[in-house]
Structure formats: structure tokens, C-alpha cells
Amino acid sequence: MSSTSQVKKAKTRKAKKISITLPEREGEMLKMYAKELGISRPAAVRRIVRDALKQYKATSHKDEPQNQLGLFDTLQVDIFNNRTKTAD
């Protein structure tokens, strides 16, 4: 019996290419920002977008669809027997 080893290839994620156009003044600001940090302009844009998206995610609301029954909501009862949902 000969054993054949199959090597699995690692799946690489495709990066989404997005092109943007900036006014001349903002292009110069981006150039200064990148120079100050010692990185390239595309790396600076990626950093700016990543930071903005992290900030957005932290402040965005996790809205639950209206068709959910709320079966797994945690209810909290206070000393006056009032019920409120707890925020996770």
C-alpha cells in the first residue's frame, strides 16, 4: 500500500479593491499623514478606514429584527416588581 499525502492549500481571502478620488487638498493632507507615520498612502488610507469602521462598530446599535419573539431576552425584576430587559 502506498500512502499518498495530499497537501491542502491554504485559502487566501480576496481583498476588495476600491478606488477613491480625493480633492487635491485632501490628497495633500493624506500625503502629509502618511509621511508623518512613515507609511505609504494606500496603507494610510487602510488605517484611516479601519479606525473609522472600528469606531462605527462600537457605536452602532444592534437592532433585532421585528419578527423575533424575544424568547432569549434576559429580564430583570427590581424591588417594585417592574420588569426590564437587560442590555448585553
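Participant: Could you give an account of the overall build of the protein, naming the residues involved and the relevant values?
Facilitator: Helices and strands together make up the secondary structure of the protein, namely 2 helices and 2 strands. Starting at the N terminus and ending at the C terminus, the protein contains elements arranged as α-α-β-β. For the protein, the residues scored as buried account for 3% of the 88 residues in total. Accessible surface for the protein amounts to roughly 9900 Å². Of this, 53% is attributable to carbon and sulfur atoms.

Participant: I'd like to hear about the layout of surface pockets, residue by residue, with values.
Facilitator: Taken as a whole, the largest pocket holds about 420 Å³ of empty space. Considering the residues around the largest pocket, the lining is formed by Ala 15, Lys 16, Lys 17, Ile 18, Ser 19, Ile 20, Val 45, Arg 46, Val 49, Arg 50 and Leu 53. Along the lines of polarity and charge, the residues of the lining of the largest pocket split into 6 nonpolar, 1 polar and 4 charged.

Participant: Please give an account of the packing of helix 1 (residues 24–37) against helix 2 (residues 41–59) that cites residues and values.
Facilitator: The relative placement of two packed helices comes down to the angle between their axes together with the axis-to-axis distance. Orientation of helix 1 relative to helix 2, taken along the N-to-C sense of each, is 95°, at an axis distance of 9 Å. One element, helix 1, and the other, helix 2, form an angle in the roughly perpendicular class. Packed against helix 1, whose contacting residues are Leu 30, Lys 31, Tyr 33, Ala 34 and Leu 37, the element helix 2 presents Arg 41, Ala 44, Val 45, Arg 47 and Ile 48 at the interface. Its residues assigned to classes, the contact of helix 1 with helix 2 shows 7 nonpolar, no polar and 3 charged.

Participant: I'd like to hear about the confidence of the model for the protein, residue by residue, with values.
Facilitator: For the protein, the mean per-residue pLDDT works out to 80, and 64% of the residues sit at or above 70. Mean pLDDT across the elements of the protein bottoms out in strand 2 (residues 83–85) (64) and peaks in helix 1 (96).

Participant: Any chance you could break down the environment of Val 45 for me, citing the residues and the numbers?
Facilitator: By the secondary structure assignment, Val 45 is in helix 2. The spatial distance from the C-alpha of Val 45 to the C-alpha of Ala 34 is 8.6 Å, given a sequence separation of 11 residues.

Participant: Can you break down a positive patch on the surface residue by residue, with the values?
Facilitator: A cluster of like positive charges, contributed by Arg 46, Arg 47, Arg 50 and Lys 54, occupies part of the molecular surface. Its location among the elements puts Lys 54 in helix 2.

Cut-offs applied
- Residues numbered from 1 in each chain as written.
- Predicted model: local features only at pLDDT ≥ 70, side-chain atom pairs only at ≥ 80, totals over all residues.
- Heavy atoms only, no water.
- Helix = DSSP H or I, 4+ residues; strand = E, 2+ residues; numbered from the N terminus.
- Buried < 20%, exposed > 50% of the residue type's maximum accessible area, 1.4 Å probe, protein only.
- Areas by Shrake-Rupley, 256 points an atom, 1.4 Å probe, with all protein chains shown as cover.
- 1 Å grid on protein atoms, 1.4 Å probe; cavity = no way out; pocket = protein on both sides within 12 Å on 5 of 7 lines; lining within 4 Å.
- Points joined across faces, edges and corners; volume = space filled by probe spheres on them.
- Nonpolar A, V, L, I, M, F, W, Y, C, P; charged D, E, K, R; others polar.
- Axes fitted to C-alpha atoms, helices over the stretch in contact; angles between N-to-C directions.
- Parallel < 35°, antiparallel > 145°, perpendicular 65-115°, else oblique.
- Contact = heavy atoms within 4.5 Å.
- pLDDT = per-residue confidence, 0-100.
- Patch = residues over 30% accessible without salt bridge, like charges linked within 9 Å, V, L, I, M, F, W, Y side chains within 5 Å.
- Salt bridge = Lys/Arg side-chain N within 4 Å of Asp/Glu carboxyl O.
- Lys, Arg positive; Asp, Glu negative; His and termini not counted.
- Charge placed at Lys NZ, Arg CZ, Asp CG, Glu CD.

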